[in-house]
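# Residue-level structure breakdown
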Amino acid sequence: MTKSSINEQPLPYSESKKSGGAFSNYLEKIVKELSKFPILVIIFLGLIVYFQTIWFEFVNFDDDMLILDNITILSDFTNIGKAFVSDAYFKQGGYYYRPTLSVSLLIDAQIGGANPWIYYLTSMVLHILASISLFLLLIELKFTRNSSLFWSSLFVIHPLVTNAVAWIPARNDLFLGLFGILSLTFFIKYLNTDKIKYLLLHILNLYLVFSSKEIALFLPFVLLIYLFLIQKSKLFTRANILIFLGWLIAFVIWYYLRSFSLDDSLLRTEITGVTPFLQNLPMVAEVIQKFFIPYNITVLPTIKLPSVIIGIALIATILYFISKTKSETLKYNIFGISLFAIIILPG
């Protein structure tokens, strides 16, 4: 047997196992080191994926109407008050009330004028901040440091979020995620500490998420699931009364200011409201399909039958496995699904 043939012989099983074990240990060391700097890891991943967007141009698909057609208004920061009493296009009687989006565009315009880079940069920063907030929320929910880093890292790089970052008019989805996560985080902190500062921060972020997208009005119902199913709280405690009062104040302020901007009720049936919500429900199945199989990602939902069928099959599979979990785990699963639903439901 020649020397070369000896070198080509496969490693014995024990040696191969040692080699695989060494590689596994090496990966564990890398994960351990990375977990020491979770915020930096999330920022790095966000920059790697989305830093390229700052060289993008306007695509003239709503961004021209939001920014270029309103650049005179956006360039004057004294118009910030108009953001709360007009629609997303700084007009009266429109369909979309998005003051958080309008204020962010005003701030961008002070820095970059009509140059697109600043608007893409802000969207990228908002997404990274939302991902960091998700990591902190998972820590607050008693997830391990490594699993919190994994899920927040997946969130920051997942292709399904691309349209919200790379298409400026979808920035309201970034605000929905950021303020929704912060509102939930401060809600849990208040329940755990009974400190008023966390209650105030919760209410502030709740108002901001209301002002980002109407679907956020469902968030208090998700918080009730956490309050009574996981926290097992009694209904009329001092803390709960303060929470409910804060929710009412946030809603009343949002609805009052919104009434100056739009000429309809919450049940408008043309573009926003109950009818289009029901018509777009198949989009939920499509989003689930694209979450697990991120293929053919589009800015707007296409609602194609194959995607809907695959999505329904995935939903049924997920629900089946969830039904088999232990009761304590089931509570968190119900809470998690409810929270995820706010993000993916049409709104």
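Since the structure is predicted, the reported quantities are computational estimates derived from the model, not experimental observations. (Residues numbered from 1 in each chain as written. Predicted model: local features only at pLDDT ≥ 70, side-chain atom pairs only at ≥ 80, totals over all residues. Heavy atoms only, no water.)

## Considering the overall build of the chain
The helix and strand inventory of the chain stands at 17 helices and 0 strands. The proportion of buried residues among the 347 residues of the chain is 41%. Restricting the contact set of the chain to residue pairs at least 6 apart, pairs at least 24 apart contribute 69%. A total of about 18800 Å² of accessible surface is found on the chain, and carbon and sulfur atoms cover 70% of it. (Helix = DSSP H or I, 4+ residues; strand = E, 2+ residues; numbered from the N terminus. Buried < 20%, exposed > 50% of the residue type's maximum accessible area, 1.4 Å probe, protein only. Contact = heavy atoms within 4.5 Å. Areas by Shrake-Rupley, 256 points an atom, 1.4 Å probe, with all protein chains shown as cover.)

## Section: the environment of G311
By the secondary structure assignment, G311 is in helix α16 (residues 305-323). Residue classification places G311 among the buried positions, given a relative accessible area of 0%. Considered as a pair, G311 and P282 are 29 residues apart in the sequence and their alpha carbons are 9.1 Å apart. When near neighbours in sequence (up to four residues on either side) are disregarded, G311 contacts A285, I288 and Q289.

## Structural notes on the pattern of salt bridges
Per the counting criterion, the structure on display carries 6 salt bridges. R171 is paired through a salt bridge with D108; the nearest N and O atoms lie 2.9 Å apart. In this pair, R171 is assigned in helix α10 (residues 171-193) and D108 in helix α6 (residues 99-112), connecting sequence segments 63 residues apart. The exposure classification of R171 matches that of D108, with both residues buried. In this structure, K189 engages E140 in a salt bridge whose closest nitrogen and oxygen atoms are separated by 3.3 Å. (Salt bridge = Lys/Arg side-chain N within 4 Å of Asp/Glu carboxyl O.)

## A word on α16
Taking 1.5 Å per residue, 19 residues should reach 27 Å; α16 reaches 27 Å between its end C-alpha atoms and fits that length. If you check which residues of α16 are buried, you get S307, V308, G311 and I322. Mapping the buried residues of α16 onto a view down its axis gives an arc of 95°, with all of them on the same face. Summarising the geometry of α16, the exposed residues directed more than 90 degrees from the buried face are L305, P306 and F321. Along its buried surface, α16 packs onto α15 (282-292) and α17 (327-344). (Expected span 1.5 Å × (residues − 1). Arc of directions from axis to C-beta.)

## Quick word on the packing of aromatic side chains
Enumeration according to the criterion identifies 20 aromatic pairs in this entry. Between the aromatic rings of F175 and F179, the centroid separation amounts to 5.4 Å while the plane-to-plane angle is 5°, which identifies the pairing as stacked. Taken together, the residues F175 and F179, both in helix α10 and 4 residues apart, mark about one turn of the helix. Each member of the pair, F175 as well as F179, carries the same accessibility label: buried. (Phe/Tyr/Trp six-rings, centres within 6.5 Å; stacked < 30°, edge-to-face > 60°.)

## Considerations on the side chain of N205
Relative to the helices and strands, N205 is located in helix α11 (residues 196-210). The residues contacting N205, other than those within four sequence positions of it, are F179, L182, S183 and F186.

## Quick notes on the nonpolar core
Within the largest apolar cluster, 58 residues are counted, with the highest numbers of intra-cluster contacts made by F187, V209, F210 and Y226. The leading source of residues in this core is α10, at 12 residues. Residues within four places of Y226 in sequence aside, it is in contact with L141, F187, I188, L191, Q231 and F335. Among the nonpolar cores identified, the runner-up in size contains 17 residues, and I67, A83, F90 and Y119 belong to it. (Core = buried A, V, L, I, M, F, W, Y, C linked by side-chain atoms within 4.5 Å.)

## Considering helix α13 (residues 238-261)
Its 24 residues give α13 an end-to-end C-alpha distance of 35 Å, which sits within 8% of 34 Å, the value for a rise of 1.5 Å per residue. Turning to α13, its buried residues number three or more, namely A239, N240, I243, G246, W247, A250, W254, L257, R258 and S261. Contacts made by the buried residues of α13 are with α10, α11 and α12 (219-230).

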